[in-house]
Structure formats: structure tokens, C-alpha cells
Amino acid sequence: MNKLEQYHQLFSLEGKVALIAGGAGDIGRSIGQALTAYGAKVFLTGRSKEKADPVAKEICDLGGKAEGVVFKVDGAKAIEDLVEEVYGKHKRIDILVNALGTHIEAPAVDYKEEDWDHIMNVNVKTAFFLSKEVAKRQIPQGGGKQIHITSVRGLLGIERGYISYCTGRGGMNMMIKQLATEWGKHRININGIAPTFTRTSLVTQYLEDPAFYNPLVARIPLGRVAETKDIAGLALYLSAPVSDFVSGQIIYMDGGLTARQ
């Protein structure tokens, strides 16, 4: 291998197995495409086969290697079953991408206990137990990569009813740092990608409303929202050997938003 080829290999994911929780969503789909483009086999979760399988087929039709897996957020046992199902296919999980997340908006003074518990269950508890179950396979195999999709709202407050979302993302960010500290000796790299508002099908109605969109991008120095391919490119970097010395970091993919706060 010559000196130039070694840099190409820094981005190779040939032979790697990736589990993308939330892979049937727009962000997960783009990450799946990016990882398979560089050689990984990806398992993409959805709440049903009707959600997961078409995304996997789309990637396969493009020449990638992908498989849909049904996963409903329903406690630690469901997570154990998911991870064991994926691990059982190839006896390894090299990469975990957690793209799960949800939000219930309400003023803090009116926030309901059941809504708080639901957001913490999906955004924090599930994140930890996914990391834990995958780490139990990565430790004996000699290491791996874990990536959690978090948000700028783990750092910045907002004048809307985001109390549970901001708190949960802040908790996830600290979880990433703690697990990176504990598991570094096992060569497990754990990082977070924290985007600002991202263009997905779920927010099309907001982005098509000038009254919402124009003030939003006015606060972002680069003058636009994030695209899913932006997040996918960073996920590729954090999955590949090129990032082997990066761990415990929250990387803000925000067009400079947090730089001006």
C-alpha cells in the first residue's frame, strides 16, 4: 500500500456491520446510504416491516448491503432482542448509530408526567441501553464505534416548550462523555452529532412557511438548515478508521449557530 492509498483506506468500511436504530427515518436512511457506499452492511430499524424493508430495498437497489429490522421502543428487553438479532447474523456489530428521538412540546409549567417519562424513555434510556447492549458485543471483539444523533438543544435553550427535549439531549450528551471515558480502554469510540433544524419530511410544512423559515436561517451564519446528507457525511467520518482518535465529542453540525450564541 502506497502513502496515498493509506488515506483512502482511512474511510473504508469494508466488512463492517452497522446497526442504525431509527434507520427507516430520513436521517437514518441517508446515514445508511453513506455507510454502505463505503462497504458496510447496515441493519436499519423501523417500527414495522412496512417501514424498514422499503428503505433497505432502496439501498440494495443502489448497490449497497442493507436489511430491515423491526424494532419498537419498549424497554431493555426489546433492545436486548434487537441487538442479539443483528449480532446473530454476522457475530459482530462494528458500528452503532442511534438516530431515534421524539418530542412533545408544552410549556414547562404545564408539562405532564407521562409525557416527560415518554421523552426520557425514548431519548435517554433507550440510548443508554442500546449503547450498553452493543458494547457487550464490541468489548470481546476488540472495539467499535458508537454514534448518537443529539441536538444543539442539548446545549441551547429555546423560548418554546422544549423542556423535556432539551433536558433529554443534554443528558444524552453527558452520557456520551461518560461512556467514552469508561469504555475507551476497550477501544470503543462514542461520539454525538448535534445538528440544528434538519430538512426532513416531518418538518416540510415548517420549512415551506416563510414566517418560520426566514427567521430560522437568519440566526445561522451559513444561511441554511442542515440537510440529511450533512449528518450522513459526519456519521461516515465517525464510523471509519479516520476517526479512531476521536471519542467523547459532541460535534455541532449547525452552520455556525452555536458559535454566535
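All figures in this text were calculated on a predicted structure; none of them were measured in a lab.

Here is what the cut-offs are and how they apply
- Residues numbered from 1 in each chain as written.
- Predicted model: local features only at pLDDT ≥ 70, side-chain atom pairs only at ≥ 80, totals over all residues.
- Heavy atoms only, no water.
- Helix = DSSP H or I, 4+ residues; strand = E, 2+ residues; numbered from the N terminus.
- Rg over C-alpha atoms; globule rule 2.2 N^0.38 Å.
- Buried < 20%, exposed > 50% of the residue type's maximum accessible area, 1.4 Å probe, protein only.
- Contact = heavy atoms within 4.5 Å.
- Areas by Shrake-Rupley, 256 points an atom, 1.4 Å probe, with all protein chains shown as cover.
- Lys, Arg positive; Asp, Glu negative; His and termini not counted.
- Charge placed at Lys NZ, Arg CZ, Asp CG, Glu CD.
- Expected span 1.5 Å × (residues − 1).
- Salt bridge = Lys/Arg side-chain N within 4 Å of Asp/Glu carboxyl O.
- Pairing = 2+ DSSP bridges.
- Core = buried A, V, L, I, M, F, W, Y, C linked by side-chain atoms within 4.5 Å.
- Phe/Tyr/Trp six-rings, centres within 6.5 Å; stacked < 30°, edge-to-face > 60°.
- Lys NZ or Arg CZ within 6 Å of the ring centre and 35° of its normal.
- Arc of directions from axis to C-beta.
- Polar contact = N/O pair within 3.5 Å; in protein donor to acceptor, adjacent residues only side chain to side chain.

## Some words on the overall build of the protein
Across its full length, the protein carries nine helices and nine strands. For 261 residues, the compact-globule estimate of 2.2 N^0.38 gives 18 Å, and the C-alpha radius of gyration of the protein, at 18 Å, lies within 12% of that figure. Expressed as lengths along the three principal axes of its C-alpha atoms, the size of the protein is roughly 55 × 45 × 40 Å. When the 261 residues of the protein are sorted by exposure, 48% land in the buried category. In the protein, of all internal contacts separated by at least 6 residues, the share reaching a separation of at least 24 is 72%. In the form shown here, the protein has an accessible surface area of approximately 12800 Å², with 53% of it arising from carbon and sulfur atoms. Put simply, the protein has 31 plus and 29 minus side-chain charges, and the middle of one group is 5 Å from the middle of the other.

## Points about helix α9 (residues 228-239)
Taking 1.5 Å per residue, twelve residues should reach 16 Å; α9 reaches 16 Å between its end C-alpha atoms and fits that length. Where burial is concerned, most of α9 is hidden: nine out of the twelve residues are buried. Along α9, the residues classified as buried are Thr228, Asp230, Ile231, Ala232, Leu234, Ala235, Leu236, Leu238 and Ser239.

## A few points about the pattern of salt bridges
Per the stated rule, a full pass over the model turns up 15 salt bridges. Through salt bridges with shared partners, a single network forms among Glu84, Glu133, Lys136 and Arg137.

## Focus: the pairing of strand β1 (residues 17-21)
Burial within β1 is extensive, with five of its five residues counted as buried. Of the two faces of β1, the one holding Val17, Leu19 and Ala21 and the one holding Ala18 and Ile20 are both buried throughout. As judged from the four bridges shared by β1 and strand β2 (residues 41-46), these two strands associate in the parallel manner. Paired with Leu19 across the strands is Phe43, a residue of β2.

## Some thoughts on the nonpolar core
Core analysis: the largest hydrophobic core is formed by 27 residues, its most contacted members being Ile31, Leu35, Val42, Leu44 and Ile193. Elements with a contribution of two residues or more to this core: β1, α2 (26-37), β2, α3 (49-61), β4 (95-98), β5 (144-149) and α9. Tallying contributions element by element places α9 first for this core, with six residues. Those residues in contact with Leu35, other than ones at most four positions away along the chain, are Leu13, Ala18, Ile20, Ala40, Val42, Ile95, Val97, Ala235, Leu236 and Ser239.

## Overview of the packing of aromatic side chains
Under the counting rule described, the total for this entry stands at five aromatic pairs. Measuring from ring centre to ring centre gives 6.4 Å for Tyr111 and Trp116, while their planes differ by 85 degrees; the resulting arrangement is edge-to-face. Three or more aromatic residues joined by ring pairs make a cluster, and in this case those are Phe197, Tyr206 and Phe212. The residue whose ring lies beneath Arg137 is Tyr87, and the NZ or CZ to ring-centre distance is 5.8 Å.

## Concerning helix α8 (residues 210-218)
All of the buried residues in α8 are Tyr213, Leu216 and Val217. Taken end-on, α8 shows its buried residues confined to a sector of 85 degrees, consistent with a single buried face. When the buried face of α8 is taken as reference, the exposed residues oriented beyond 90 degrees from it are Ala211 and Ala218. Close packing links the buried residues of α8 with β7 (198-199) and α7 (204-207). One side-chain oxygen at the N-terminal end of α8 lies 3.1 Å from the backbone nitrogen of Ala211; it belongs to Asp209.

Purely geometric numbers; function is a separate question.
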